[in-house]
Amino acid sequence: MATLLITRPEAAARRFLSAVEGEMRPGVRAVLSPVMRIVPIPDLSAPACDALVVTSENGVSAARALGVPAGTRCYCVGDQSALTARAAGYDAISAGGDAETLLALLAKERPTGRLLHLRGEHARGAVVSRLRSMGLEAQEVIAYRQEPIPLTDAAQKLLAGNDPVVLPLFSPRSASIFVKAVDIRAPLHIVAMSHAVAAEVADLGADTVVVADRPDGPAMIAATCRRLDAVD
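Scoring rules and cut-offs
- Residues numbered from 1 in each chain as written.
- Predicted model: local features only at pLDDT ≥ 70, side-chain atom pairs only at ≥ 80, totals over all residues.
- Heavy atoms only, no water.
- Core = buried A, V, L, I, M, F, W, Y, C linked by side-chain atoms within 4.5 Å.
- Buried < 20%, exposed > 50% of the residue type's maximum accessible area, 1.4 Å probe, protein only.
- Helix = DSSP H or I, 4+ residues; strand = E, 2+ residues; numbered from the N terminus.
- Contact = heavy atoms within 4.5 Å.
- Pairing = 2+ DSSP bridges.
- Axes fitted to C-alpha atoms, helices over the stretch in contact; angles between N-to-C directions.
- Arc of directions from axis to C-beta.
- Polar contact = N/O pair within 3.5 Å; in protein donor to acceptor, adjacent residues only side chain to side chain.
- Phe/Tyr/Trp six-rings, centres within 6.5 Å; stacked < 30°, edge-to-face > 60°.
- Lys NZ or Arg CZ within 6 Å of the ring centre and 35° of its normal.

Draft legend 1. The nonpolar core, seen in detail. Counting 23 residues, the largest nonpolar core has Leu5, Leu159, Phe178 and Leu188 as its most contacted members. Contributions of two or more residues to this core are made by α6 (153-159), β9 (165-169), α7 (172-181), β10 (188-192) and α8 (195-200). Apart from the residues within four sequence positions on either side, Leu188 is in contact with Leu159, Val165, Leu167, Phe178, Leu204, Ala206, Asp207 and Thr208.

Draft legend 2. Spatial organisation of the sheet that holds strand β4 (residues 51-54). Judged by pairing direction, the sheet is mixed, and its six strands sit side by side in the order β3-β8-β7-β4-β5-β6 without closing on themselves. Strands with a single pairing partner mark the edges of an open sheet, and in this sheet they are β3 (36-40) and β6 (91-94). Neighbour-to-neighbour, the strand axes of the sheet open up by a mean angle of 25 degrees, direction not taken into account. Pairing geometry for strand β7 (residues 114-120) and strand β8 (residues 137-148), over seven bridges, is parallel. Looking at the pairing, Gly120 lines up with Tyr144 of β8.

Draft legend 3. Structural context of helix α4 (residues 99-109). For α4, the set of buried residues is Leu102, Leu103, Leu105 and Leu106. Buried residues in α4, looked at end-on, bunch into an arc of 155 degrees, giving them a common side. Elements that come into contact with the buried residues of α4 comprise β4, β5 (73-76), β6, β7 and α5 (127-133). Where α4 begins, one side-chain oxygen reaches toward the backbone nitrogen of Glu100, 3.2 Å away; that side chain belongs to Asp98. Backbone geometry just downstream of α4 places Arg110 in the positive-phi region, at approximately 45 degrees.

Draft legend 4. Expanded view of the packing of aromatic side chains. Applying the stated rule across the entire model yields one aromatic pair. Look at Phe16 and Phe170: their rings are 5.1 Å apart centre to centre, the planes differ by 90 degrees, and that puts the pair in the edge-to-face class. Within this pair, whereas Phe16 is found in helix α1 (residues 10-23), its partner Phe170 is found in the loop between β9 and α7, the two being separated by 154 residues in sequence. Each member of the pair, Phe16 as well as Phe170, is classed as buried. A cation over a ring is seen here: Arg8 above Phe170, with NZ or CZ 3.9 Å from the ring centre.

Draft legend 5. Region of interest: α7. Summarising burial for α7: seven of the ten residues are buried, a large majority. Among all positions in α7, only Pro172, Arg173, Ser174, Ala175, Ser176, Ile177 and Phe178 are buried.

Draft legend 6. Structural context of the sheet that holds β9. One open sheet holds the five strands; their spatial order is β2-β1-β9-β10-β11, and the pairing between them is parallel. Looking at the sheet topology across the chains shown, the edges are occupied by β2 (30-32) and β11 (208-211). The average angle at which neighbouring strand axes cross in this sheet is 20 degrees, direction not considered. The sheet contact formed by strand β1 (residues 3-6) and β9 spans two bridges and is parallel. Paired with Thr3 across the strands is Val165, a residue of β9.

Given below as structure tokens:
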């Protein structure tokens, strides 16, 4: 029987597992082992802005910590970050995908005023420079670090075993950390959120690597369920 290995931060991992169980069955075999922790950068201040741009839920947490006023428009990468932003009191709009869909939304809406991108130390997509190339006024604050943490003993034992492992990966950063952190002997089946994520694991020697139909949560849930069914 396949085991689902989830390397997201714990709260997000438990949400994802619950969603998979809702689509399949309760009691899916799973191991939760985050590969990074989010560490806020202290003593920051946020420049005044008219709208926020966030590429993860961590950007919303940073906005609250920096005192960005409730009611500020918040352009969010996906539905979960938009839900988090609304719960924090921001006027959130979801791009429903990844950094590319977020940039496409901003290119279409062309908001006036000052945009502030709150991001992690490791980021892709050159969001601010691309916003500026569109003629939009944008700046960024690096508000948190994504620090690697070791896999749990349970995850290492799983990957050293003989039973198949299904591994959803949601970002190039988490994929690159995973590649450096593991000694894999188990049959490994990766579900990548995007082609950029898949590229990070191209040389890992996984048995299969599939890319979700869209770079969003529902597509990742569906692709993970299909892979679990296929290898069980």
